[in-house]
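Chain and residue survey
Residues per chain, in single letters:
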Amino acid sequence: MSHTSVEGVNRQQLIQQLQDFLPADAILSQPEDLRPYECDALSAYRQMPLIVVLPDTTEQIQGILRLCHKINLPVVARGAGTGLSGGALPNENGLLLSLAKLNSIIAINSELRTARVQPGVRNLAISQAVAQFGLFYAPDPSSQIACTIGGNVAENSGGVHCLKYGLTVHNIQQIKIISIAGDLITIGSTGLDCPGYDLLALMTGSEGMLGVIVEVTVKLLPKPECVQTLLAAFDDISKAGTAVADIISAGIIPAGLEMMDKLAIQAAEDFVHAGYPVDAAAILLCELDGSEIEVATHTDAVRELLNNSGATEVRTAKDAQQGLTFWKGRKAAFPAVGRISPDYYCMDGTIPRKNLARVLQTMAEMSQQNGLAIANVFHAGDGNLHPLILYDANIPGELKRAEEFGAQILELCIAVGGTITGEHGVGMEKLNQMCVQFETIELAQFHAIKAAFDPKALLNPGKAVPSLHRCAEFGAMHVHQGKLSHPELERF
Amino acid sequence: MSVIDNDISQQLQAKILQTISMGNSLTIKAGGSKDFYGRKVSADSVLSLAQHQGIISYEPTELVIKARAGTPLKDIQQALAENRQMLAFEPPVYNEKTTLGGTLAGNFSGPRRPYTGAARDYVLGTTIINGKAELLSFGGEVMKNVAGYDVSRLMTGALGTLGVIMDASIKVVPMPEAEITLVQSITIAEALAKLHQWSGLPLPISASCFYQNRLYIRLSGIEKAINNAGQLIGGEQLNNAHEFWRSICNQTHPFFQSQHALWRFSLASNTPVLSLTGDMLYEWGGALRWLKSDLSSQEIRCNDLLLNGHTTLYSSNAQRDAVFQALPAPLLALHRRLKQAFDPHGIFNIGRMYAEF
């Protein structure tokens, strides 16, 4: 696994080689220019890269990757850097490849309902550009103002509407990638399927380990005719969990079905004054969309289901404006929690819905044991939890305790039949929990896939899939201490 | 419900180990209802999953069913129907032996596909045996899961060339409350134009088919909503619509009963009408086109419009050599390396997809 060794790479020589095909202003090498790239949105992990490049053509990217391949230089691709798992954390001996300049919408085909875009196009910019045709791009991660489509594909991003509309993998049709050897490869098709293996699925969520995405053709959907939002309050969080199951078993698939617990409700209410019932133990937000008749019918049905499942109050938005107000607190939940705690650590596990009450109860107990408060905001419809662990980085040891608490939560998710990451990715953050979720032979299969694409292990080395050595070490130490003693050490 | 509950993973692993040690090869088979599909495999022996049956878990409120590969689709459909749920991708059931494993191995999806997604879109997790006889699990039973590479979807459509699908967790959906099918007598050019106009609107279309100057549109959802949409779309209501769609999905419609070779074109839906001699049937809003023809492979594949997608020789009584469209060199090289990564001894379904692997 030591193909990535680049001892002796001379930064000046590298710059000269890059200047053969890159303009001088596309190469950053001064510490003050590299600083903005030292982390993504998981800022607890920081690392300065050797060099940053900002190409603006596919040919330049081919040149960069060919050079890296030739001189065995690690490459980390980066979109907007909004990732929450350290997936875009630079490699200290490597090149950071920013795709930010490739930000054009190449073509919109309203007849086929597709848009062909460069990887640096922002998620929300796609929906904005196609709104004139009555269309939208469905996956809507909360960072959609800033995050880019290339990063969305790399992480298989979700959002609040994936219960009904699916994840990124369900909403893209074709991508172009450049392999580490510099080959431009088209994956997918203009039709609805393609010959050969489903490499589109394999690339989606592969966290920059298999190739560099240089173009994405996304599928667009017609905007629903009508949207309605309901807000229900509960005095017991398990009743809210039951209500979720009741809605699903009634054959209704809401566009969004979100839950917040007491601490999150109070923080959001203090911040944006959405009129939330602050005494409630939990609230559910249910968004229904479709034709007017469909929405009206489902609204009546959901209201009745919520009342029957013991909601203390059910509100139906009178108009679109009030619907937005209901959502305002949910959308502002993370910054709202940021106001009541100096720092918070956002987790991302998914569990089978039936275990919701049990998991919430266990997390509450863990919170007491760890002496750290926890606010819960999550995609209840698909069981994707986002517990926010509140801590203060200025208090020695609290970050460490928050991380330990987070690891316990992820292991709890695995124990109830879930997964350590629903939509944020493994990155650097959850490598140890990958050792818990997967057997050694499964991780070995992942490494074999990686080697099929990138035999020299130059693309985003050390991320997403832990080395077997790391797992062996983590496994042994996990039993004794529950935590690696030197997480900063390179163990790949 | 009398579904067999039988786990034969250990026997299969043992047989694979034996095959490796003897330097032999295997062809994977469950119900055998899709033996006609793909290139012919001349393996030393058959690895049969027909006995590997059973619904492992199904909880309607979780919207997930987990079943062994050899489970007949009809058993799965029946279990789901009892809870007013269904497989969203409406897979073809060619006969009563058609299994879940075969359906996933070929990513077989029916009339609902362009409107709700393909088999691969609903696969949440799989257990497989790779070419080293290792039993591996990927994905899971939850809707959102990005831990590790998406091997479950990679296995879907790989025609058993990467490994043996042992079981799978599939996302299921509620059955629509009501359905109607409307028929219009129009030309194909008019039909394609209308289909594209409708596809840009939020209409509850769940299937479309064009054959012999008749356009069939199925609407699914709440009764009032589909009636309203039906008024906008127009046309005569079709009686026995369920039987019609089943005949298209399962290919029992007279169009598919033929001695001619059957070609499948998967294209951008707005591809103009192809001028190829033979009988043609359209599905998927124009994105799937079937041609019954005696034209040679060369005569068909040289049509420029087919560059808008890809061509498959779906079934033929004659040679089944170049069934799937050739892959560009770098992509083919990647396929070979993936095959090597999963099946290093080269034992599974050699040549079923491409001669090279």
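Everything in this summary refers to the structure shown in the same document. Since the structure is predicted, the reported quantities are computational estimates derived from the model, not experimental observations. (Residues numbered from 1 in each chain as written. Chains lettered and ligands numbered in written order. Predicted model: local features only at pLDDT ≥ 70, side-chain atom pairs only at ≥ 80, totals over all residues. Heavy atoms only, no water.)

Notes on the overall build of chain A
Within chain A, the regular secondary structure consists of 17 helices and 19 strands. Judged by the C-alpha coordinates and their principal axes, chain A covers about 70 × 60 × 40 Å. The 492 residues of chain A split such that 60% are buried. Here the contacts in chain A between residues at least 6 apart in sequence split such that 71% fall between residues at least 24 apart. Accessible surface computed for chain A: about 18000 Å², of which carbon and sulfur atoms make up 50%. For chain A, the distance from the average position of its 35 positive side-chain charges to the average position of its 52 negative side-chain charges is 2 Å. (Helix = DSSP H or I, 4+ residues; strand = E, 2+ residues; numbered from the N terminus. Buried < 20%, exposed > 50% of the residue type's maximum accessible area, 1.4 Å probe, protein only. Contact = heavy atoms within 4.5 Å. Areas by Shrake-Rupley, 256 points an atom, 1.4 Å probe, with all protein chains shown as cover. Lys, Arg positive; Asp, Glu negative; His and termini not counted. Charge placed at Lys NZ, Arg CZ, Asp CG, Glu CD.)

Details of the overall build of chain B
Within chain B, the regular secondary structure consists of 11 helices and 17 strands. Taking 2.2 N^0.38 as the reference for a compact globule, 357 residues should give roughly 21 Å; the C-alpha atoms of chain B span a radius of gyration of 21 Å, in line with that estimate. Viewed in the frame of its principal axes, chain B has a C-alpha envelope of about 65 × 50 × 35 Å. The contacts of chain B with a sequence gap of at least 6 include a subset with a gap of at least 24, amounting to 67%. (Rg over C-alpha atoms; globule rule 2.2 N^0.38 Å.)

Here we look at the sheet that holds strand E4 (residues 95-98) of chain A
Residues and elements named next belong to chain A. Strands sit in the order E1-E2-E4-E3 across an open sheet of 4 strands; the sheet is mixed. Looking along the sheet, the strands with just one partner apiece sit at the ends: strand E1 (27-28) and strand E3 (75-78). Bridging between strand E2 (residues 51-53) and E4 involves 3 bridges; their strand directions are parallel. Following the sheet pairing, valine 53 is matched in E4 by leucine 97. Packing of helix H1 (residues 11-19) onto the sheet brings it into contact with E1, E2 and E4, and relative to E2 it is tilted by some 10 degrees. Helix-sheet contacts for helix H3 (residues 58-71) involve E2, E3 and E4, and the interaxial angle to E4 is about 165 degrees. (Pairing = 2+ DSSP bridges. Axes fitted to C-alpha atoms, helices over the stretch in contact; angles between N-to-C directions.)

Re the nonpolar core
In terms of nonpolar packing, the biggest core is built from 157 residues, with Leu284 and Leu306 of chain A touching the most fellow members. Considering each element in turn, this core owes the most residues, 7 residues, to helix H14 (residues 398-415) of chain A. Among all residues touching leucine 284 of chain A, those that are not within four sequence positions of it are Leu230, Leu231, Ala232, Phe234, Ala240, Ala243, Val244, Leu257, Glu258, Met259, Leu306 and Ala380 of chain A. Residues Ile186, Ile217, Ala229 and Leu291 of chain B belong to the second largest nonpolar core, which totals 30 residues. (Core = buried A, V, L, I, M, F, W, Y, C linked by side-chain atoms within 4.5 Å.)

Examining the packing of aromatic side chains
All names here are of chain B. The tally for this structure, following the rule as stated, stands at 23 aromatic pairs over all chains. A ring pair is formed by phenylalanine 256 and tryptophan 290, whose centres lie 5.6 Å apart and whose planes are at 85 degrees; its orientation type is edge-to-face. Of this pair, phenylalanine 256 sits in the loop between helix H9 (241-249) and strand E14 (261-267) while tryptophan 290 sits in strand E16 (residues 288-293), and the two are 34 residues apart along the sequence. Exposure remark for phenylalanine 256: the relative accessible area of 12% places this residue in the buried category. Here tryptophan 290 falls in the buried class, since its relative accessible area comes to 4%. Against the face of tryptophan 245 rests arginine 218, its NZ or CZ located 5.4 Å from the ring centre. (Phe/Tyr/Trp six-rings, centres within 6.5 Å; stacked < 30°, edge-to-face > 60°. Lys NZ or Arg CZ within 6 Å of the ring centre and 35° of its normal.)

What to know about the packing of H1 of chain A against H3 of chain A
Residue and element names in this part refer to chain A. Their axes nearest at 10 Å, the elements H1 and H3 cross at an angle of 140 degrees. Here H1 lies oblique to H3, going by the angle between them. Seen from above, H1 lies across H3 with right-handed handedness. On H3, the residues that touch Leu14, Gln17 and Leu18 of H1 are Ile64, Leu67 and Ile71. Taken together, the residues of the contact of H1 with H3 break down into 5 nonpolar, 1 polar and no charged. (Parallel < 35°, antiparallel > 145°, perpendicular 65-115°, else oblique. Left-handed = near helix turned anticlockwise from the far one by under 90°. Nonpolar A, V, L, I, M, F, W, Y, C, P; charged D, E, K, R; others polar.)

Quick word on the state of the cysteines
Residues and elements named next belong to chain A. Scanning all chains against the criterion turns up 1 disulfide over all chains. Sulfur-sulfur distance for the disulfide between cysteine 435 and cysteine 471 comes to 2.1 Å. Between cysteine 435 and cysteine 471, the S-S dihedral sits near -80 degrees, and the bridge is therefore left-handed. Here cysteine 471 lies in helix H17 (residues 468-480) and cysteine 435 lies in helix H15 (residues 431-437), a separation of 36 residues in the sequence. The pair cysteine 435 / cysteine 471 is uniform in exposure class, with both members buried. Take cysteine 162: it sits in no disulfide, and the sulfur closest to it among the cysteines is that of cysteine 147, at 13 Å. Classification of cysteine 162 as buried rests on a relative accessible area of 7%. Considering cysteine sulfurs only, cysteine 413 is the nearest to cysteine 346, which forms no disulfide, with 12 Å between them. (Disulfide = S-S within 2.5 Å.)

With respect to the interface of chain A and chain B
How big an interface is tends to be stated in terms of the accessible area lost upon association of its parts. Taken together, the contact between chain A and chain B spans 81 residues of the former and 67 residues of the latter. Between chain A and chain B lies a buried interface of about 6100 Å² when both sides are counted; carbon and sulfur atoms form 62% of it. In terms of surface lost to chain B, no three residues of chain A exceed Leu192, Tyr197 and Gln445 of chain A, which account for 14% of the buried area on that side. Counting the contacts that link chain A with chain B gives 5 salt bridges. When the shortest N-O distance is used, the salt bridge between glutamate 423 of chain A and lysine 144 of chain B registers 2.9 Å. Those elements that place two or more of their residues in the side of chain A that touches chain B are helix H6 (162-165), strand E9 (184-188), helix H7 (199-203), helix H8 (237-249), helix H10 (292-308), H15 and helix H16 (440-453) of chain A. (Buried area = accessible area lost by both parts, 1.4 Å probe. Salt bridge = Lys/Arg side-chain N within 4 Å of Asp/Glu carboxyl O.)

Considerations on the side chain of glutamate 287 of chain A
All names here are of chain A. Checked against the element boundaries, glutamate 287 lands in strand E14 (residues 282-290). For glutamate 287, the side chain forms a polar contact with the side chain of histidine 161, separated by 2.8 Å. Reaching out from glutamate 287, the side chain makes a polar contact with the side chain of tryptophan 327 at a distance of 2.9 Å. Setting aside residues up to four positions removed in sequence, glutamate 287 forms contacts with His161, Val227, Gln228, Thr229, Pro254, Ala255, Gly256 and Trp327. (Polar contact = N/O pair within 3.5 Å; in protein donor to acceptor, adjacent residues only side chain to side chain.)

Thoughts on the packing of H16 of chain A against helix H11 (residues 329-342) of chain B
Relative to each other, H16 of chain A and H11 of chain B sit at 155 degrees, their axes nearing to 9 Å. It follows from the interaxial angle that H16 of chain A and H11 of chain B lie roughly antiparallel. In the packing of H16 of chain A onto H11 of chain B, the handedness of the crossing is right-handed. Contact residues: H16 of chain A offers Gln445, Ala448, Ile449, Ala452 and Phe453 of chain A, while H11 of chain B offers Leu334, Arg337, Leu338, Ala341 and Phe342 of chain B.

So, the pattern of salt bridges
By the definition in use, this model includes 30 salt bridges over all chains. Glutamate 313 of chain A is the partner of arginine 315 of chain A in a salt bridge, and the nearest nitrogen-oxygen pair spans 2.7 Å. Note on glutamate 313 of chain A: relative accessible area 31%, which makes it partly exposed. A salt bridge links lysine 339 of chain B to aspartate 343 of chain B; the shortest N-O distance between them is 2.8 Å. Grouping residues by exposure puts lysine 339 of chain B and aspartate 343 of chain B together as buried. Taken together, the shared-partner salt bridges in this structure form one network comprising Glu90, Arg112, Glu179 and Arg218 of chain B.

A word on H9 of chain B
Residue and element names in this part refer to chain B. Residues Ala241, Phe244, Trp245, Ser247, Ile248 and Cys249 constitute the buried set of H9. Buried-residue contacts for H9 involve strand E10 (178-185), strand E11 (205-211), strand E12 (214-221) and strand E15 (279-283). Glutamine 251 lies just past H9 and shows a positive phi near 60 degrees.

Structural notes on the sheet that holds strand E10 (residues 212-219) of chain A
Residue and element names in this part refer to chain A. Spatial strand order, E5-E6-E10-E8-E9: 5 strands in an open sheet with antiparallel pairing. The sheet is open, and its two edges are formed by strand E5 (105-109) and E9, each paired on a single side. Each neighbouring strand pair of the sheet contributes to a mean axis angle of 15 degrees, computed without reference to strand direction.

Quick word on the side chain of serine 199 of chain B
Structurally, the position occupied by serine 199 of chain B is in helix H7 (residues 188-199). With near-sequence residues (within four places) excluded, serine 199 of chain B lies in contact with Glu111, Arg113 and Pro222 of chain A.

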